[in-house]
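# Report on the structure
Residues per chain, in single letters:
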Amino acid sequence: MTKILIVFGTRPEAIKMAPLVKAFLKEPGIFETRVAVTAQHREMLDQVLDFFEIVPDYDLNLMKPNQTLHGLTAAIITEMQPIFEEYHPDHVFVHGDTTTSMATAMAAFYSSAKVHHIEAGLRTWNKQSPFPEEMNRQVTGRIADYHYAPTKRAKENLIKENIPVDSIVQTGNTVIDALHYSIEKIEKDPGNEVQNLDAQLGGKEVILVTGHRRENHGQGFKRICKALKVIAREQPDIFIVYPVHLNPKVQEPVNRILGEVSNILLIDPLPYQDFIWLMNRSKIIITDSGGIQEEAPSLGKPVLVMRETTERPEAVETGTVVMVGTDSKKIYTETINLLTDTEKFDIMSALHNPYGDGQACNRIVDHLTNLTEKANKFTEATV
Ligand code: UD1
Ligand code: UDP
C-alpha cells in the first residue's frame, strides 16, 4: 500500500487541502492516507477541520501567541521528525507558501519522502512581498519532486526556473473544489449564525473586509483603517463587515481605530461556510488575502486587493480584481467608484473563473495513482 501524509497548519491551507484529504480517502485500496496538522493556527484551523469533518492523525499543536517565524520554523522541522520515523510516508503533500509548507517540505526531504507541492508556481519574484510567503513558496518548489500548478501561468513560472516539465501537472486550484463542496452544504443548511448575521445587516449593502499580511502590519494597517473609517462615515447606508484575523498585530490597530464606528461591524473570524455566505451577500470585497482573490471571481464579486504585488495576476487581467495597495486615498477612491459607477461595477462583477473548475483534487489523485501503477509495474518487471 502506498503511504500518504497530507500536512497543513493554517486556515487557508486547511480549506485548500480538505477536499484532497477527502479525495484520497475515497481510494483506500490504493492509498493509506494520514493527516498531520502543525496547528500553526489553532482556532482558525479547528473551524475548518470541524466543517470538513477531518480528524487529524497527528496534531503538533504548535501555535503560540505572537509566534516568530524563526521559532515556528525550528519547531515544525523538529516536531515532524518523529512522525516521519513512525509512519515512513512514501509521499508527503504540502500546500502553498506558509511556514508550515516550507518547513514540512524540508523535514520530508530530510526523511527521504517524495514531496508533492499543491498550488505550486505562483510568483512575484519579490522576496519582500508577500513576506515571507514568496520565499516559502520558492524554497518549497526547489525541494518538491512533483508540482501541482493551478494555472497555465504558474506552470510557465516553474518551467522558467528549470523545473522538469514532466514533474508539473496543471490542475486548477483546489480552493474551487472546496468552494463547490461548501456551497452545496450551505444551501442544505445555512445555520443559525448566518441567520443572526443576516438579521443584523437588515437588508443594507455590505462591503466585506479582511486583512492580515505581515508586510501591511504597522503603518499599512493604520492607512487601511483610516480609509475604511472615511468610507463608513460618508456612506451611512452601507455596512462594512470585517471579520478580524486573530493575529494580535491585526487585532490591536483594527479594534482601536474602527471599534467605535457604528456602521463598521468588527466580528470574529467566521467559520468557512458562514464566510462564503457573507462573500455572496456582499457588494464589494476589500482584502489582502490570497484565497479570497481566488474565490471571489467564482462568486462574481469585485475585489480591491490591498497589496503592492500579487502572485495571482489572472483575475487582475480578467478585470475582477484591482490592486489598491495600502494607500488610503486609493482604497477610498476605488471603493466609491464601485459604489457609484454602475458600468465599472458591472464589468468587475462579471463572472470569471481563472482559477479552476472544481476537479483539481481528482487530477492530483489520478496523477499519483498513475505514478503508483508505473512504479508497481517496474517492481514486478525487475523482481
Ligand atoms: C499565516 C501565514 C500566511 C497566511 C495566513 C493565513 C506564514 C508565515 N504566514 O499568517 O501565509 O496567509 O497564515 O491566515 O506562514 N492566531 C491565533 N489563532 C489562530 C491563528 C492565529 O491566535 O487561529 C494568532 C497567534 O497569536 C499567532 C498569530 O496569530 O502567533 C500569527 O499567526 P501566524 O500563523 O504566525 O501568522 P499569520 O499572519 O496568521
Ligand atoms: N475565511 C474564512 N473565515 C474568515 C475569513 C476568511 O473562512 O473569517 C477563508 C476564506 O474564504 C479563504 C481563506 O479563509 O478561503 C483565506 O484565508 P486567509 O485570508 O487567512 O489566508 P490567505 O489566503 O491570504 O493565505
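In this report, we go over the structure that sits alongside the text. These numbers were taken from a predicted model, which means no experiment stands behind them.

Take the sheet that holds strand β4 (residues 91-95) next. Ordered by their spatial adjacency, seven strands build an open sheet running β3-β2-β1-β4-β5-β6-β7, and the pairing between neighbours is parallel. Across the chains shown, the open sheet's two edge strands, defined by having one partner strand only, are β3 (58-59) and β7 (168-170). As defined by bridge partners, strand β5 (residues 114-118) adjoins strand β6 (residues 146-149) across three bridges and the pair is classed as parallel. Among the inter-strand pairings, His116 is bridged to a residue of β6, identified as Tyr146.

Summed over the entire model, instances satisfying the criterion amount to nine aromatic pairs. Their ring planes at 20 degrees and their centres at 5.3 Å tell us that Phe52 and Tyr181 sit as a pair that is stacked. Of the two residues, Phe52 sits in helix α2 (residues 43-52) while Tyr181 sits in helix α7 (residues 174-188), which places them 129 residues apart along the sequence. Consider the rings of Phe93 and Tyr148, whose centres lie 6.3 Å apart with planes at 20 degrees: the pair is stacked. Of this pair, Phe93 sits in strand β4 while Tyr148 sits in strand β6; the two residues are 55 residues apart in sequence, bridging distant segments of the chain. Considered together, Phe93 and Tyr148 belong to a single accessibility category, that of buried residues. By the ring-pair criterion, three or more aromatic residues cluster together here, those being Phe24, Phe31, Phe93 and Tyr148. Geometry around Phe239 places Lys204 over its ring, the cationic atom sitting 5.3 Å from the centre. Geometry around Phe345 places Lys283 over its ring, the cationic atom sitting 4.0 Å from the centre.

Along the chain, Arg11 falls in helix α1 (residues 11-25). Separated by 236 residues in the primary sequence, Arg11 and Asn247 have C-alpha atoms spaced 13 Å apart. Sequence-distant contacts of Arg11, defined by excluding residues within four places in its chain, comprise His41, Met44, Val48, His245 and Pro269.

Attention shifts here to the pairing of β5. Of all five residues making up β5, four are buried, and the element is well covered by its neighbours. Sheet topology note: the β4/β5 ladder contains five bridges and is parallel. Residue pairing across strands places His91 opposite Lys114, the latter belonging to β5. Read as a crossover between parallel neighbours, the route from β4 over helix α4 (residues 99-110) to β5 is right-handed.

Let's shift gears to the site of ligand 1. Looking at ligand 1, there are 25 residues lining it, with Gln40, His41, Glu43, Lys64 and Glu133 nearest. The contact in question runs from an oxygen atom of ligand 1 to an N or O atom on the backbone of Met44, over 2.9 Å. Arg213 is positioned such that a nitrogen or oxygen atom in its side chain is 3.3 Å from an oxygen atom of ligand 1. Considering ligand 1 on its own, with 760 Å² of exposed area, one finds that the protein chains cover 95% of that surface.

This part takes up the site of ligand 2. Around ligand 2, a shell composed of 15 residues is seen, among which Arg11, Leu270, Ser289, Gly291 and Glu295 lie nearest. Here an oxygen atom of ligand 2 sits 2.8 Å away from a polar atom, N or O, in the main chain of Gly290. When ligand 2 sits alone it has 540 Å² of accessible area, and the protein chains cover 95% of it. Ranked by residue count, the leading element in the shell around ligand 2 is helix α12 (residues 290-299), at four residues. Taken together, the residues that form the shell around ligand 2 break down as eight nonpolar, four polar and three charged.

A word on the pattern of salt bridges. For the structure shown, the criterion picks out 23 salt bridges. Among the ionic pairs, Arg123 bridges to Glu161, the shortest N-O distance being 2.7 Å. Here Arg123 is found in the loop between β5 and α5 (133-143), whereas its partner Glu161 is found in the loop between α6 (152-160) and β7, with 38 residues between them in sequence. Overall, the relative accessible area of 16% leaves Glu161 in the buried class. Residue Arg213 is joined to Glu215 by a salt bridge in which the shortest nitrogen-to-oxygen separation is 3.8 Å. Residues participating in the shared-partner salt-bridge network are Lys16, Asp97, Glu119, Arg137, Glu294, Arg307, Glu311 and Arg312.

Here we come to the nonpolar core. Grouped together as the largest cluster of nonpolar side chains are 60 residues, with contacts concentrated most on Ile6, Phe8, Leu20, Phe24, Phe93, Leu201 and Leu278. Among all residues touching Leu20, those that are not within four sequence positions of it are Ile6, Phe93, Ile118, Cys361, Ile364 and Val365. Counting 30 residues, the second-largest nonpolar core is a separate cluster that includes Ala227, Leu258, Leu304 and Leu339.

In this section: α12. One turn of the α-helix equals 3.6 residues, which is why residues spaced by three or four share an orientation. A large share of α12 lies buried, amounting to nine of its ten residues. The N-terminus of α12 is capped by Ser289, whose side-chain oxygen sits 3.2 Å from the backbone nitrogen of Gly291. Note on α12: the residue one or two positions beyond its end, Gly300, has a positive phi of about 70 degrees.

Thresholds, definitions, all that
Residues numbered from 1 in each chain as written. Chains lettered and ligands numbered in written order. Predicted model: local features only at pLDDT ≥ 70, side-chain atom pairs only at ≥ 80, totals over all residues. Heavy atoms only, no water. Pairing = 2+ DSSP bridges. Helix = DSSP H or I, 4+ residues; strand = E, 2+ residues; numbered from the N terminus. Phe/Tyr/Trp six-rings, centres within 6.5 Å; stacked < 30°, edge-to-face > 60°. Buried < 20%, exposed > 50% of the residue type's maximum accessible area, 1.4 Å probe, protein only. Lys NZ or Arg CZ within 6 Å of the ring centre and 35° of its normal. Contact = heavy atoms within 4.5 Å. Right-handed = clockwise from strand over helix to strand, strands pointing away. Near = heavy atom within 4 Å. Polar contact = N/O pair within 3.5 Å; in protein donor to acceptor, adjacent residues only side chain to side chain. Areas by Shrake-Rupley, 256 points an atom, 1.4 Å probe, with all protein chains shown as cover. Nonpolar A, V, L, I, M, F, W, Y, C, P; charged D, E, K, R; others polar. Salt bridge = Lys/Arg side-chain N within 4 Å of Asp/Glu carboxyl O. Core = buried A, V, L, I, M, F, W, Y, C linked by side-chain atoms within 4.5 Å.

Geometric descriptors of this kind do not, in isolation, establish any biological role.
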